[in-house]
Number of protein chains: 2
Amino acid sequence: MKVELERQILAANDVLAAENRALFSQAGVFVVDLMASPGAGKTSTILATIGALRDRYSIAVIEGDIASKVDAEKVRAHGIPAVQINTGGACHLESAMVRRAVDTLDLEALDLIVVENVGNLVCPSDFDLGEHAKVMILSVPEGHDKPLKYPNIFQVSEAVILNKYDTLGVFDFDEAAFRSVVASLNPRAPIFPISATKGDGVPVWTEWLAARIESARGATA
Amino acid sequence: MKVELERQILAANDVLAAENRALFSQAGVFVVDLMASPGAGKTSTILATIGALRDRYSIAVIEGDIASKVDAEKVRAHGIPAVQINTGGACHLESAMVRRAVDTLDLEALDLIVVENVGNLVCPSDFDLGEHAKVMILSVPEGHDKPLKYPNIFQVSEAVILNKYDTLGVFDFDEAAFRSVVASLNPRAPIFPISATKGDGVPVWTEWLAARIESARGATA
């Protein structure tokens, strides 16, 4: 019964996700769903991304958290519109939550929406929000063995950001082993080593994202 | 409907959890459920705990992971019995999974079972496994704002381990702010700053745990 209900919840979520995606595509806005563990640096990566792309693109952020509004406030402090979703205990965002947040934004005026999912390497990977791409962040302190333990999120992500790369010398992180397991799970996903707070490596990630934004705009032109 | 079913699942879980707890108490074995984000150092903390207490107590470990058996192998390499549970996608352990694992152990011969939950700051906090205490680990690289974003897990934990404390100088972690929010959520929970891999601070945590193990033995005597 539990499995059957989970299937129904996922199916209902997928219907609304498809509607979201059609809405985004019609408006020519590219939507990326950023997933990671708590503290891997989602918000820092979003701020670095905003810094790199704000002169070229109009950006908004949807912040998903169990509780608090600290992340939306951090983004708004940079003059970027941010909508905070509090899931009230739920371990992931769903397409209906994203739709309510999107309804408060002027989609036609936007080129990019970054959705920051709840900090969790498990549940967010099962839920389509209507985004065009899921991207995940792993941070060096979490350890190189994480793709073995949380394979699904590495499989559904179109790109993998390896954050806090500047701390590689502090932790026992085997980058070759990490890359090998990620490649076996998802051979086409690029890996972007970055330090979100210091800026190293950020341009390679943001140019990949810019290329995706251009494709979304081209598709509606 | 979703909320009602979640309530039913939790209620069914609680019935079996109570049975587990009675079984543990009867055997005089203390069971701790260790919860944390992926990569916060659950397995390293377990190995440090084994190192500190193995001469005094008979210990077994139950390892919960979505996939892989790497953690159980790490524990067994130290000569300690370890049962690996693979949840096959589920984001938390449930009492039925723990029961099946426990059935493979000789409870009467044990003083302590450490259950390593799936790496997740959300879902494990909702599920009683029949343990005597839930304890959580936050690691310094995750950031001091995590109690604001994931309040529930801080509320249900009897103690909070602050791991990777030796990297405090590398990250922008405001320990006073962290302690203040934890105290507001859970005034009675002690905070144990440790470095699981280097050993600093470990004795304070393991002596707290030893006192709990002694209580569990005394209760059956």
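Attention here is on the structure that accompanies the text. All figures in this text were calculated on a predicted structure; none of them were measured in a lab.

1. Examining the sheet that holds strand β4 (residues 112-116) of chain A
All names here are of chain A.
So, step 1. The parallel open sheet is built from seven strands, whose spatial order is β3-β2-β4-β1-β5-β6-β7. Both edges of this open sheet fall to β3 (82-86) and β7 (191-193), since each of them pairs with a single strand only. The average angle at which neighbouring strand axes cross in this sheet is 20°, direction not considered.
So, step 2. Pairing between strand β1 (residues 30-36) and β4: five bridges, direction parallel. Each residue of the ladder has a partner; that of leucine 34, found in β4, is glutamate 116.

2. Some details on helix α7 (residues 175-185) of chain B
Residue and element names in this part refer to chain B.
So, step 1. What α7 keeps buried is the set Glu175, Phe178, Val181, Val182 and Leu185. Here the buried residues of α7 occupy an arc of 135° about the axis, which is enough to place them on one side. What points out from α7, more than 90 degrees from its buried face, is the exposed set Ala176 and Ser184.
So, step 2. Where the residues of α7 are buried, they touch β5 (133-139), α5 (146-149), α6 (151-156), β6 (159-163) and β7 (191-193).

3. Things to note about the pattern of salt bridges
All names here are of chain A.
So, step 1. Scanning the model with the defined rule gives 33 salt bridges over all chains in all.
So, step 2. Of the charged contacts in the structure, one is a salt bridge between arginine 99 and aspartate 103, with a shortest N-O distance of 3.8 Å.
So, step 3. Classification of aspartate 103 by relative accessible area gives exposed; the value is 54%.
So, step 4. Arginine 217 is the salt-bridge partner of glutamate 214, the closest N and O atoms lying 3.6 Å from each other. Residue glutamate 214 and its partner arginine 217 are located together in helix α8 (residues 202-220), separated by three residues, close to a single helical turn.
So, step 5. Residue glutamate 214 is classed as partly exposed on the basis of its relative accessible area, which comes to 38%.
So, step 6. Its relative accessible area of 33% is what places arginine 217 among the partly exposed residues.

About the cut-offs
- Residues numbered from 1 in each chain as written.
- Chains lettered and ligands numbered in written order.
- Predicted model: local features only at pLDDT ≥ 70, side-chain atom pairs only at ≥ 80, totals over all residues.
- Heavy atoms only, no water.
- Pairing = 2+ DSSP bridges.
- Helix = DSSP H or I, 4+ residues; strand = E, 2+ residues; numbered from the N terminus.
- Axes fitted to C-alpha atoms, helices over the stretch in contact; angles between N-to-C directions.
- Buried < 20%, exposed > 50% of the residue type's maximum accessible area, 1.4 Å probe, protein only.
- Arc of directions from axis to C-beta.
- Contact = heavy atoms within 4.5 Å.
- Salt bridge = Lys/Arg side-chain N within 4 Å of Asp/Glu carboxyl O.

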